[in-house]
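Listed below are the residues making up each chain.
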Amino acid sequence: MKILVANLGSTSFKYRLFDMTDEKLLARGGVERIGSDKSPCTVKAGSVSEEAVQSVPDHAVAVRLCLKQLADPKLNCLKSPAELAAIGFKAVHAKGMTGVQRVDERVLQAMEAYNDVAPAHNPPYVRAMRLLARELPEIPLVAAFETGFHETIAPAQRLYAVPVEWAEKHGIQRHGFHGASHRYIAERTAQLLKNPAARIISCHLGGSSSLCAIRDGRSVASSMGMSPQTGLPQNNRVGDFDPFALPDIMRATSKTLEQVLDDLANRSGLLGISGFNDLRDIEKAAAAGDAKAKLAIDVFVAAVRHNLGAYLVMLGGADAIVFTGGIGENSAPMRSAICADLDWLGVKLDVQANAAVKGEAPIHAADSKTQLWTMPTNEELIVARQAKALLMK
Ligand code: ADP
């Protein structure tokens, strides 16, 4: 069974193609600059890679082009586009719906209903999925929702202290996100530790970031709440914020609610404090003495440690703390700041291993009670597994 897992941007379509009989990654590729006359369409399968540049007006044309490219006998991936069993999507959020779903009008409408809860994610996904459903009806589309892994979170962690019918009738509660990534980290770490009951704190730190507390392979808490704008500061999204600040900032700036929400979703987070979107630029600026860049790092570290402390208490300690995502895997200074002075808790980095690490590896000192790891996540594999399970039902 061959499954293509798609990652959609408003002008891009990236994918990985898996053979799910043995979970082998057959190829990866995609199309960039969709909507332009010269859209590069690339594919890499083993040591063979190809690139074609042509006019790609929309996502349906992009997918057809990728399938045609994958069916090239030189790549040895697909005998024909019809061999594809499904396209899986790492979908973010839908009203009253989670888990893994075959994409149909009901799913698309549930996602649309949360366009303003997940403004960076839902609108481009809904647009592209609707187009693919119409133009490529022969290919089943499967949405694996990021909230699915967090269905096991108990009410005490899930509920906001608001009128309870807001949760019961309207779904206003903490849903949690990055489910595919945290699920992968949960499974892989339990395998490495040879302990299915392991207490794990998964730190997915990247363009968007969240922490997840895991016990017995299940999510027991997520730092993200009702929307992906909550929890830790994100690259340009706010993180946790007091809604009672809204009327004051609206009056002070003469902005509408929509404009202020747009600021919170696009011009806040690390960008809002430092002026930079990317942690690499922030670290460079901080090293050159930029006080706001330094402050953005401090705010981010404080937020991660706040959640880390809460989860260590909740789990009664941790067997492993795992760093993943662009920041988690690549920024040694960030990991070092997050783990600073936690020896008393039994959390101790190996300074040299932390500075030198690449890929999946332990970075804890020999006398650390909690293991510390960096680990590339594999969200696409999780989505492919979930799509396969749904198709086989
Ligand atoms: P996304 O959450 O969008 O999938 P990633 O998980 O790939 O993104 O993380 C992207 C972020 O990772 C970048 O915005 C950048 O801040 C950070 N990053 C990537 N490489 C490094 C690095 N070497 N040092 C510090 N930060 C890095």
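These remarks concern the structure in this document. Because the structure is predicted, anything quoted here is derived from the model rather than measured.

**Let's talk about the site of the ligand**
1) Next: Around the ligand, the surrounding shell consists of Gly 206, Gly 207, Ser 208, Asp 278, Leu 279, Arg 280, Glu 283, Gly 325, Gly 326, Ile 327, Asn 330 and Ser 331.
2) Next: Here an oxygen atom of the ligand and a side-chain polar atom of Asp 278 are 3.3 Å apart.
3) Next: The fraction of the free accessible surface of the ligand (580 Å²) that becomes covered by protein chains is 64%.
4) Next: At the level of secondary structure, the elements contributing two or more residues to the shell around the ligand comprise α10 (279–287) and α12 (325–330).
5) Next: Element by element, the count of residues in the shell around the ligand is highest for α12, at four residues.
6) Next: Partitioning the shell around the ligand into residue classes produces two nonpolar, seven polar and three charged.

**Re the packing of helix α6 (residues 179–193) against helix α15 (residues 379–392)**
1) Next: Contact geometry of α6 with α15 gives a least axis separation of 8 Å together with a crossing angle of 95 degrees. In terms of their interaxial angle, α6 and α15 are classed as roughly perpendicular. Of α15, the residues touching α6 (which contributes Ala 180, Ser 181, Arg 183, Tyr 184 and Glu 187) are Glu 379, Ile 382, Val 383, Arg 385 and Gln 386.
2) Next: In terms of residue class, the contact of α6 with α15 is made up of four nonpolar, two polar and four charged.

What counts, and where the lines are drawn
Residues numbered from 1 in each chain as written. Predicted model: local features only at pLDDT ≥ 70, side-chain atom pairs only at ≥ 80, totals over all residues. Heavy atoms only, no water. Near = heavy atom within 4 Å. Polar contact = N/O pair within 3.5 Å; in protein donor to acceptor, adjacent residues only side chain to side chain. Areas by Shrake-Rupley, 256 points an atom, 1.4 Å probe, with all protein chains shown as cover. Helix = DSSP H or I, 4+ residues; strand = E, 2+ residues; numbered from the N terminus. Nonpolar A, V, L, I, M, F, W, Y, C, P; charged D, E, K, R; others polar. Axes fitted to C-alpha atoms, helices over the stretch in contact; angles between N-to-C directions. Parallel < 35°, antiparallel > 145°, perpendicular 65-115°, else oblique. Contact = heavy atoms within 4.5 Å.

Don't take any of this as a statement about function, it's just geometry.
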